[in-house]
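# What the coordinates show
Residues per chain, in single letters:
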Amino acid sequence: MKIMSISLLMMGCLMGFSLGIDIFQGFDVSQALYNALSPFRVMEVAELFVLFFLLFLFFAESTYLFIKKRNQSK
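So, here is what we can say about the structure in this document. (Residues numbered from 1 in each chain as written. Predicted model: local features only at pLDDT ≥ 70, side-chain atom pairs only at ≥ 80, totals over all residues. Heavy atoms only, no water.)

## With respect to a nonpolar patch on the surface
Where we set the bar: A residue counts toward a patch only above 30% relative accessible area and without a salt bridge, and it is joined to like-charged neighbours within 9 Å or, for Val, Leu, Ile, Met, Phe, Trp and Tyr, to nonpolar neighbours within 5 Å. Under the convention used here, a 1.4 Å probe and the Shrake-Rupley method define accessible areas, while residue burial counts only the protein chains that appear. We define a salt bridge as a contact between a side-chain nitrogen of Lys or Arg and a carboxyl oxygen of Asp or Glu at a distance within 4 Å. Labels follow the DSSP assignment, with helices taken as runs of H or I lasting at least four residues and strands as runs of E lasting at least two, numbered in each case from the N terminus. Buried residues are those whose accessible area, probed at 1.4 Å on protein chains only, stays under 20% of the maximum for their type, while exposed residues exceed 50% and partly exposed ones sit between those limits.
A cluster of nonpolar residues, F49, V50, F53, L54, F56 and L57, forms a patch on the protein surface that exposes about 620 Å² of accessible area. You can see F53 is positioned in helix α3 (residues 45-73). Judged by relative accessible area, F53 falls into the partly exposed class, the value being 40%.

See the structure below:
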């Protein structure tokens, strides 16, 4: 669970930094959000499948380890 929290915190900090730089350069908020999410818009179906599969594996493993640790502590 700690790994998932750290990963989400890092993603949020990096996206916030990217948005801040775009806004500092003069873009409005909607254009900054579009720039932050544009790499995902040009991905093909196979690339999206691999991305979602890896995300699923990450969350499934984190959930499994959390449940296993919780059951061992009982």
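Read on, since the account is not over.
## Thoughts on the packing of helix α1 (residues 2-24) against helix α2 (residues 29-41)
Selection criterion: Helix axes are fitted only over the stretch in contact, all axes being lines through C-alpha atoms; the angle between N-to-C directions runs from 0 to 180 degrees. Any angle from 65 to 115 degrees is called roughly perpendicular, while one under 35 is roughly parallel, one over 145 is roughly antiparallel, and all others are oblique. Take the far helix as the reference: if the near one is turned anticlockwise from it by less than a right angle, the crossing is left-handed, and if turned clockwise, right-handed. Only heavy atoms matter for contacts: two residues are in contact if any of them lie within 4.5 Å across the pair. Asp, Glu, Lys and Arg are counted as charged, while Ala, Val, Leu, Ile, Met, Phe, Trp, Tyr, Cys and Pro are counted as nonpolar; the rest, among them Gly, fall into the polar class.
One can describe the packing of α1 onto α2 by two numbers: an axis separation of 9 Å at closest approach and a directional angle of 130 degrees. Between α1 and α2, the interaxial angle falls into the category oblique. The two elements α1 and α2 cross, and the hand of that crossing is right-handed. Contacts between α1 and α2 involve M15, L19, D22 and I23 on the former and, on the latter, V29, A32, L33, N35, A36 and L37. Looking at side-chain class alone, the contact of α1 with α2 contains eight nonpolar, one polar and one charged residues.

## Topic: α2
What counts, and what does not: Helix span, expected: 1.5 Å multiplied by one less than the number of residues in the helix. Throughout, the bend at a residue refers to the angle made by two axes, fitted to the seven residues ending there and to the seven starting there.
Given a rise of 1.5 Å per residue, 13 residues ought to cover 18 Å, and the 18 Å separating the end C-alpha atoms of α2 matches this to within 8%. The largest bend in α2 is about 35 degrees, located at N35, with the proline P39 one to four residues further on.

## Observations regarding the packing of aromatic side chains
Stated formally: Note on aromatic contacts: the rings of Phe and Tyr and the six-membered ring of Trp form a pair at centre separations within 6.5 Å, being stacked when their planes are under 30 degrees apart, edge-to-face when over 60 apart, and tilted otherwise.
Here the structure, examined in full by the defined rule, presents two aromatic pairs. With 6.2 Å between their ring centres and 15 degrees between their planes, F49 and F53 make a pair best called stacked. Of the two residues, F49 and F53 both sit in helix α3, four residues apart, roughly one turn of that helix. According to the relative accessible area criterion, F49 is exposed, its value standing at 59%.

## Here we look at the packing of α1 against α3
For the pair α1 and α3, the least separation of the axes is 9 Å and the interaxial angle reads 140 degrees. The angle between α1 and α3 falls in the class oblique. Side by side, α1 and α3 meet where I3, M4 and S7 of the first sit next to F58, F59 and S62 of the second. Looking at the contact of α1 with α3 residue by residue, the class counts come to four nonpolar, two polar and no charged.

Geometric descriptors of this kind do not, in isolation, establish any biological role.
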